[in-house]
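One-letter residues, chain by chain:
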Amino acid sequence: MNEETPTMPATTTPLEAVLTRHADAETCADPSSVMTLLADSDGTAGGCTSYRSTFAKGATGAPAHFHTRASELFFVISGALQVLVGEEVTVLEAGDFLAVPPHTPHAFAAAPGCEADVLFVFTPGMGRFDYLRLLGRVMRGEADPKEIAESSERFDNHYVDSPVWRAALERSA
């Protein structure tokens, strides 16, 4: 059997590696979390979008929503994150990984009494950094919340009502 080294077709342009140094990463903050923007889809040829969020104790995170075009991946670096997936609420702890496929309602918040440090990845990627910046402005009272609703198609973030999630947050309060 003859082994050959794989080669790229002549018409394919190789993708560039993406490196975001901690010291150079943009951060967005709201009253209960800090988001470190790592890689948006324009720098990954649409492959992924990634950011890291640190949530304070009691941080509410994101309300129930779904995405139509991307899977959302969660990796808990430290602390604990309470999540809704479909109609089930569970707690992810340090080292836990979760992949939520498109069209699946989900939500997240710092688990009761805990902080959380979480890596988020969307694949395929899409420009979401402007959405995260908008969220920060709304949380700080610098932008109108209706801008979030008006941006649902652009950012593929579709909010839904979840009595299960509302009840979980009420129990946590």
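Residues numbered from 1 in each chain as written. Predicted model: local features only at pLDDT ≥ 70, side-chain atom pairs only at ≥ 80, totals over all residues. Heavy atoms only, no water.

**Considerations on the overall build of the protein**
On a plain count of helices and strands, the protein comes out with four helices and 10 strands. Of the regular secondary structure in the protein, the N- to C-terminal order runs β-β-β-β-β-β-β-β-β-α-α-α-β-α. A principal-axis box enclosing the C-alpha atoms of the protein has dimensions of 65 × 40 × 30 Å. Buried residues in the protein amount to 40% of all 173 residues. Of the contacts formed within the protein by residues at least 6 apart in sequence, a portion of 70% connects residues at least 24 apart. Total accessible area on the protein stands at roughly 9,800 Å², and carbon and sulfur atoms take up 55% of it. Within the protein, one finds 12 positive and 24 negative side-chain charges whose respective centroids are separated by 6 Å. (Helix = DSSP H or I, 4+ residues; strand = E, 2+ residues; numbered from the N terminus. Buried < 20%, exposed > 50% of the residue type's maximum accessible area, 1.4 Å probe, protein only. Contact = heavy atoms within 4.5 Å. Areas by Shrake-Rupley, 256 points an atom, 1.4 Å probe, with all protein chains shown as cover. Lys, Arg positive; Asp, Glu negative; His and termini not counted. Charge placed at Lys NZ, Arg CZ, Asp CG, Glu CD.)

**Let's talk about helix 1 (residues 129-139)**
Looking at helix 1, one finds that the buried residues are Phe-129, Tyr-131, Leu-132, Leu-134, Gly-136 and Val-138. Contacts from the buried residues of helix 1 go to strand 1 (26-30), strand 2 (33-39), strand 3 (49-55), helix 2 (146-150), helix 3 (152-155) and strand 10 (158-159).

**Some thoughts on the nonpolar core**
In terms of nonpolar packing, the biggest core is built from 29 residues, with Phe-55, Phe-74, Leu-81, Phe-108 and Val-118 touching the most fellow members. For this core, the secondary structure elements donating two or more residues are strand 2, strand 3, strand 5 (71-85), strand 7 (97-100), strand 8 (106-110), strand 9 (116-123) and helix 1. Here this core takes five residues from helix 1, the largest share from any one element. Ignoring anything within four residues of it in the chain, the contact list for Phe-108 reads Phe-55, Thr-60, Gly-61, Ala-62, His-65, Glu-72, Phe-74, Leu-81, Gln-82, Val-83, Phe-120 and Trp-165. Ala-64, Leu-84, Trp-165 and Ala-168 belong to the second-largest nonpolar core, a separate cluster that totals six residues. (Core = buried A, V, L, I, M, F, W, Y, C linked by side-chain atoms within 4.5 Å.)

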